[in-house]
Amino acid sequence: MQVRLQKVIAASGLASRRQAETMIRSGQVTVNGEVICTMGVSIDPSRDHVKVDGRHIKSTEPDVFLMLNKPPGCVTSMRDPLGRSTIADLLKGIRARVFPVGRLDYDSEGLLLLTNNGDVAQACLHPRFKIPKSYLVKVAGVLNNQEIARLEQGMVLNDGPTAPARVKKSGKAKVNSWVEMTIHEGRQHQVKRMLEAVGHQVLRLRRVRFGPLSLGDIPIGAHRYLTDKEANALRALLCDSSRQLSTEETQMRTVGHVPPTRSRKPNPRKEGQQRGTASLTPSRRTLKQ
Ligand code: URA
């Protein structure tokens, strides 16, 4: 990937972009031994050797963070052996080597973060960080209070107990209804399995928030680069690696999102409350609108 020289110098942490431009103009910078003192030069950070004042700089590719509104009927992968449509089809023209942070099911839609920064990706996915992920889910029927309580207490699935979820009713159609569900883990088909366990088939599932990021009004199938504020909120997760983030703390950092005022349920794991049990696997189904 070709990247502007001043951007490479800035990404190395040596100087700001503006300072890097000054360094280039004053002849302090060489690329592969040749002094570069004009603006507009791009290099390949993985191949070219950049020195500032005779000292080699570690030229990493600048961070790239993208948010895609994944449509249903699209695989969260850059290639699909079955020849189905993939997210790569939606990211043509992105030259950076980005990869998805976690997955959304083939029939799920919504916020998918992509980055070339492996450390941030790892922090987002590591269970220790308990990154909240919120989904708007259309379910068959209407959840009653008992069912919501079971989801909020945490339940036992076939791969072990879940942490408590947060569930909020979010609208009702004639027969079916919408809920907003927030979980802090990233197990396969977790939202579908939890809702099925309380007797409600998932008809549509859209991720609307991922840690500090909100999907907003990105059209289905479209993407945008994160703002500096959003990217910094993700990088801040790395700075917090020495201590465990609490759910509420992470939500407070949500960019442009006001956390619900509702109080949290006690953690049944800590307090020995009864957990629900769940059916083992989600049934195969076709999602309907
Ligand atoms: N939970 C699910 O069941 N599916 C997804 O795609 C994401 C979360």
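Computed from a predicted structure; not experimentally measured.

### Considerations on the site of the ligand
Close contacts around the ligand come from Leu104, Asp105, Ser108, Tyr135, His189, Gln190, Val191, Lys192 and Leu205, and that covers them all. Between the ligand and Ser108 there is a distance of 2.8 Å, counted from an oxygen atom to a side-chain nitrogen or oxygen. Look at the ligand: alone it shows 240 Å² of surface, and the protein chains cover 96% of it. For the shell around the ligand, the per-class residue count stands at 4 nonpolar, 3 polar and 2 charged.

### Comments concerning unusual backbone geometry
In the Ramachandran plot, Asn32 falls in the positive-phi region, its phi being about 50° despite a non-glycine side chain. Residue class for Asn32 comes out partly exposed when judged on its relative accessible area of 47%. If you check the backbone angles, Asp53 has positive phi at about 50° while not being a glycine. For Asp53, the location among the structural elements is in the loop between strand E5 (50–52) and strand E6 (55–56).

### Comments concerning the packing of aromatic side chains
Counted under the stated rule, the structure contains 0 aromatic pairs. Between Arg84 and the ring centre of Tyr106, over which it is positioned, the NZ or CZ distance is 4.8 Å. Over the aromatic face of Phe129 sits the side chain of Arg128, whose NZ or CZ is 5.3 Å from the ring centroid.

### So, the pairing of strand E10 (residues 133–139)
In the case of a regular strand, side chains alternate between the two sheet surfaces. The element E10 is largely enclosed, with a buried count of 7 among its 7 residues. Burial along E10 is two-sided: Lys133, Tyr135, Val137 and Val139 facing one way and Ser134, Leu136 and Lys138 facing the other are all buried. Alignment of E10 against strand E14 (residues 177–183), held across 7 bridges, turns out to be antiparallel. Paired with Val137 across the bridge in E14 is Val179.

### Some details on the nonpolar core
Membership of the largest hydrophobic core comes to 32 residues, with the highest contact counts inside it found for Val137, Leu143, Leu151, Met181, Val191, Met194 and Leu195. For this core, the elements supplying multiple residues, two or more each, are strand E7 (65–70), strand E9 (109–115), E10, helix H4 (145–153), strand E11 (155–157), E14, helix H5 (190–197) and strand E15 (202–210). Broken down by element, the residue count for this core peaks at 4 residues, all from H5. With 19 residues, the next largest nonpolar core counts Met67, Val101, Ile218 and Leu237 among its residues.

### Here we look at the packing of helix H3 (residues 118–125) against helix H6 (residues 228–239)
One way to put it is that H3 packs onto H6 with a least axis distance of 9 Å and a crossing angle of 75°. By the angle class used here, H3 and H6 are roughly perpendicular. Counted together, Asp119, Val120, Ala123 and Cys124 of H3 and Leu234, Arg235, Leu237 and Leu238 of H6 form the full contact between these two elements. Residues of the contact of H3 with H6, tallied by class, amount to 6 nonpolar, no polar and 2 charged.

### Considering the confidence of the model for the protein chain
Confidence in the prediction of the protein chain, expressed as mean pLDDT, is 83, and 82% of residues score 70 or more. Residue range residues 242–254 is modelled with pLDDT below 50. Its contacts to residues more than four positions away, or to other chains, number 30 contacts. Here residues 256–289 is modelled with pLDDT under 50, and outside its nearest four sequence neighbours on either side it reaches 62 contacts, counting other chains as well.

About the cut-offs
Residues numbered from 1 in each chain as written. Predicted model: local features only at pLDDT ≥ 70, side-chain atom pairs only at ≥ 80, totals over all residues. Heavy atoms only, no water. Near = heavy atom within 4 Å. Polar contact = N/O pair within 3.5 Å; in protein donor to acceptor, adjacent residues only side chain to side chain. Areas by Shrake-Rupley, 256 points an atom, 1.4 Å probe, with all protein chains shown as cover. Nonpolar A, V, L, I, M, F, W, Y, C, P; charged D, E, K, R; others polar. Buried < 20%, exposed > 50% of the residue type's maximum accessible area, 1.4 Å probe, protein only. Helix = DSSP H or I, 4+ residues; strand = E, 2+ residues; numbered from the N terminus. Phe/Tyr/Trp six-rings, centres within 6.5 Å; stacked < 30°, edge-to-face > 60°. Lys NZ or Arg CZ within 6 Å of the ring centre and 35° of its normal. Pairing = 2+ DSSP bridges. Core = buried A, V, L, I, M, F, W, Y, C linked by side-chain atoms within 4.5 Å. Axes fitted to C-alpha atoms, helices over the stretch in contact; angles between N-to-C directions. Parallel < 35°, antiparallel > 145°, perpendicular 65-115°, else oblique. Contact = heavy atoms within 4.5 Å. pLDDT = per-residue confidence, 0-100.

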